[in-house]
Amino acid sequence: TSPDYDNTIFSVSQITNKDNTVTYVGRIVNKKYFDGYELKPASSGNYELQKIETDRAIQDCSQH
């Protein structure tokens, strides 16, 4: 989290596939806002940020 960006969470992970290619996944989210961004591979071979609804990406663990 970053206090400079109102506690926004930015995460990136590198995944090594069975064929030894590398894929990256990641998200930018803030639980104060309804939407965020997800890092996805594009058809061009580059990566792009796609807007997502954070209620689908963040699990609410506050309720028992």
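What you are looking at is a predicted structure, and each value in this text was computed from that prediction instead of being measured. (Residues numbered from 1 in each chain as written. Predicted model: local features only at pLDDT ≥ 70, side-chain atom pairs only at ≥ 80, totals over all residues. Heavy atoms only, no water.)

Our next topic: unusual backbone geometry. Of note in this structure, N7 is not a glycine but carries a positive phi near 60°. Relative to the helices and strands, N7 resides in the segment before β1 (9-16). In this structure N7 comes out as partly exposed when scored by relative accessible area, which is 43%. Phi at N20 is positive, roughly 70°, even though this residue is not glycine. Mapped onto the secondary structure, N20 falls in the loop between β1 and β2 (22-29). Taking relative accessible area as the criterion, N20 reaches 64% and is therefore assigned exposed. (Helix = DSSP H or I, 4+ residues; strand = E, 2+ residues; numbered from the N terminus. Buried < 20%, exposed > 50% of the residue type's maximum accessible area, 1.4 Å probe, protein only.)

Turning our eyes to something else, we now look at the pairing of β2. Sheet topology note: the β1/β2 ladder contains eight bridges and is antiparallel. The residue of β2 that forms the bridge with V12 is G26. Joining the antiparallel neighbours β1 and β2 is a turn of five residues, in which N20 adopts a positive phi near 70°. As defined by bridge partners, β2 adjoins strand β3 (residues 35-41) across three bridges and the pair is classed as antiparallel. Note that in β3 the partner of G26 across the bridge is L39. The antiparallel hairpin formed by β2 and β3 contains five residues in its connecting segment. (Pairing = 2+ DSSP bridges.)

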